[in-house]
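Below are the chains, spelled out letter by letter.
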Amino acid sequence: MAATESALGRYIKTKYITWTKWEYMPMTFTNIPVFICYLYYSIKSGSISFFKAANPGIPMGGAFGVSKMDMMKNIPRDLLPGMFLSLKGETIKQLKQRLIHENIKYPLILKPDIGERGFFVKKILSETELDQYLKVVPCDMIIQEFIDLPLEYTLSFNVMPGKPESLSITSICKKGFMQITGDGIHTGRDLMAKNPRYYLQIPRFEKQGLTWLNEIIPKGITMYPEPVGNHNRGTAFYDQRYLIAPELIDQYRSLCLGLDRIYIGRFDIKARSEADFLHGNIKIMELNGVFGEPVHVYDPAYSPIQAYKDLFRQWNLIYRISDMNKQGDKYSIKKGYDIVRHYFMHKKSVKSIK
C-alpha cells in the first residue's frame, strides 16, 4: 500500500485479498454454516444455550462474559505469568505499588478481564503509557507480565465427563508473528504491502500514527509490528497437529483434568522451543472456554471444506459433552441472559475507545 496509492486502488486490492482466501473472509460470512450447525444442535438438544453445560464450572460454559482471571484459577501458578486484576478506577499510584509487589516490570500486557479475539489488548512500555490507557478504559483490566518467549502455540482439548481416559487433544496451532526486514530502500509501508496478510493491517497502523510506516527501514533490521498473537491482527496460524501423540497427551493430562468442570477449551501458550512445548515447559497466557475454536483451521493452506469439517466436529463435541452434563446444569435462563446482555454492552464500551 504505497503512500501514493489511490483510495479506489486500495479498496479494490483489499476486497480482492479479503474475498479470495478463506482465512481473510469476514467472520459474519464464514460463520453462516457454523451458525446453521449450532441451530441444528440447539433443536436437537431443545435449548439454544445447550453449550453452557459443556463447561458447567464456568458461567455460560466460557462462551460470553467470563472473567479471564476466573478461567485460570485452577491452573498451577508456576505455569502462569505474573498477573493481577486492576479494578476500574484504580490510580496509577495504586497500580505502581501492586506492580512492585508482584515484581512485574515494563513492558507489560494490559487486557480486559472480559474480552475476546484480542480486542483492546495492549503492550505497555512505560508508566506514562499505562497511565494514559487507564484514564480511558471503562472496565476491569488484567495487568500481565510480558513473557518474552519466541514461540506461541494454542492447544485445544476435550474430555468426556466422568471419563478421564477419554482426554483428547484435537488441535495444535503455532503462531507466526508479522515481521518485516529492511532493505535500505523501501519504507515500512512498502515492505508490508508486499505481503497480503500485512497489507490488510496497514490501515490499523495508520490510525495509530506509527512513523516507521513512512521511514526507510535500514538493511538487515527486522521489525515485529504486532506483539499480540491474534489472527485478526495479522498473525499467521499454522496447523501443527502432527505433534499430537500419546506422549503429548500424557504431558498435558494433569493440566487438563485439573480444571474445575471444564471439559472442552483451548490454551494459549508460550514456549522457548518446540521441545519445551512438548515437555510442558511453558507459560499459559489464557484459557478459552466452549467457544475456543480449533484455530488450526486458519492455516493458510486450509480449504473451507477442511475448516468446516473441523468446526462441525467441534460443535458435535460440545453437544455430546453438554448432553452428558445437562442433568447437572442448574444455570438459570435469566442469569444467562443477563451475562450475555452485560457482555455485549461491555464489549461495545471497550470498542468505542479503540
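See above for the structure.
In this report, we go over the structure that sits alongside the text. (Residues numbered from 1 in each chain as written. Predicted model: local features only at pLDDT ≥ 70, side-chain atom pairs only at ≥ 80, totals over all residues. Heavy atoms only, no water.)

So, the nonpolar core
The tendency in soluble globular proteins is for nonpolar side chains to be buried side by side. In this structure, F51, I75, Y252, F267 and F277 are the most contacted members of the largest nonpolar core, which totals 61 residues. Of all the secondary-structure elements, those providing two or more residues to this core are α3 (32-45), β5 (151-160), β6 (163-176), α10 (246-257), β10 (264-271), β11 (282-288) and α12 (304-325). With 8 residues, α12 is the largest single contributor of residues to this core. Judged by nonpolar contacts, the second largest core, of 15 residues, contains Y24, I180, Y199 and W212. (Core = buried A, V, L, I, M, F, W, Y, C linked by side-chain atoms within 4.5 Å. Buried < 20%, exposed > 50% of the residue type's maximum accessible area, 1.4 Å probe, protein only. Helix = DSSP H or I, 4+ residues; strand = E, 2+ residues; numbered from the N terminus.)

A few points about unusual backbone geometry
Look at the link from Y106 to P107: it is a cis peptide, with omega at 0°. Counting through the fold element by element, P107 comes out in the loop between α5 (92-102) and β2 (108-112). Although it is not a glycine, N103 sits at a positive phi angle of roughly 60°. One can find N103 in the loop between α5 and β2.

A few points about the side chain of R197
Looking at where R197 falls in the secondary structure, it is placed in helix α8 (residues 196-199). We classify R197 as buried; its relative accessible area is 9%. Here the side chain of R197 touches E23 through a polar contact of 2.9 Å, side chain to side chain. R197 has contacts with E23, Y24, H231, G234, T235, A236 and P300, leaving out every residue within four places of it along the chain. (Polar contact = N/O pair within 3.5 Å; in protein donor to acceptor, adjacent residues only side chain to side chain. Contact = heavy atoms within 4.5 Å.)

Details of the packing of α5 against helix α6 (residues 127-134)
α6 packs onto α5 with a crossing angle of 130° between their chain directions and a minimal axis gap of 10 Å. The orientation of α5 relative to α6 falls into the category oblique. Crossing geometry of α5 relative to α6 is assigned as right-handed. Across the interface between the two elements, I92, L95, K96 and L99 of α5 pack against E127, L130, D131 and L134 of α6. (Axes fitted to C-alpha atoms, helices over the stretch in contact; angles between N-to-C directions. Parallel < 35°, antiparallel > 145°, perpendicular 65-115°, else oblique. Left-handed = near helix turned anticlockwise from the far one by under 90°.)

Re the packing of aromatic side chains
The final tally for this structure, using the stated rule, is 19 aromatic pairs. A ring pair is formed by Y153 and F277, whose centres lie 4.1 Å apart and whose planes are at 15°; its orientation type is stacked. Residue Y153 is located in strand β5, and its partner F277 is located in helix α11 (residues 274-278); the two are separated by 124 residues in the primary sequence. One exposure class covers both Y153 and F277, and it is buried. Three or more aromatic residues link up through ring pairs in this structure, and these residues are F35, Y38, Y40, Y41, F50, F51, F291, W315 and Y319. Its guanidinium or amino end placed over the ring of Y199, K13 lies 4.2 Å from that ring's centre, counting from NZ or CZ. (Phe/Tyr/Trp six-rings, centres within 6.5 Å; stacked < 30°, edge-to-face > 60°. Lys NZ or Arg CZ within 6 Å of the ring centre and 35° of its normal.)

Examining a nonpolar patch on the surface
On the surface, W19, F29, I32 and I36 cluster together into a nonpolar patch covering about 410 Å² of accessible area. With respect to the element layout, I36 can be found in helix α3. On the accessibility criterion, I36 (54% relative accessible area) is exposed. (Patch = residues over 30% accessible without salt bridge, like charges linked within 9 Å, V, L, I, M, F, W, Y side chains within 5 Å. Areas by Shrake-Rupley, 256 points an atom, 1.4 Å probe, with all protein chains shown as cover. Salt bridge = Lys/Arg side-chain N within 4 Å of Asp/Glu carboxyl O.)

Focus: the pairing of β6
As judged from the 7 bridges shared by β5 and β6, these two strands associate in the antiparallel manner. Bridged to T154 within β6 is C173. In this antiparallel pair of consecutive strands, β5 and β6, the connection spans 2 residues, and G162 shows a positive phi of 80°. (Pairing = 2+ DSSP bridges.)

Regarding the pattern of salt bridges
In this structure the tally under the stated criterion is 16 salt bridges. With its nearest N and O atoms 3.1 Å apart, the salt bridge here joins E286 to K111. Of this pair, E286 sits in strand β11 while K111 sits in strand β2, and the two are 175 residues apart along the sequence. Overall, E286 belongs to the buried group, its relative accessible area being 13%.

Regarding α12
Counted at 1.5 Å a residue, the expected span for α12 with its 22 residues is 32 Å, and the 31 Å between its end C-alpha atoms agrees. Those residues of α12 lying buried are A307, Y308, D310, L311, Q314, W315, L317, I318, Y319, I321, S322 and N325. Against the buried residues of α12 lie α2 (27-30), α3, β5, β6 and β10. (Expected span 1.5 Å × (residues − 1).)

Regarding the sheet that holds strand β3 (residues 122-124)
Reading across from one edge, β1-β4-β2-β3 is the order of the 4 strands in this open sheet, with antiparallel pairing throughout. Looking at the sheet topology across the chains shown, the edges are occupied by β1 (83-86) and β3. If you compare each strand with its neighbour and ignore which way they point, the axes differ by 25° on average. Direction of pairing for β2 relative to β3: antiparallel, over a ladder of 3 bridges. Among the inter-strand pairings, I109 is bridged to a residue of β3, identified as K123. Along the sheet, α5 makes contact with β1, β2 and β4 (141-145), crossing β1 at roughly 160°.

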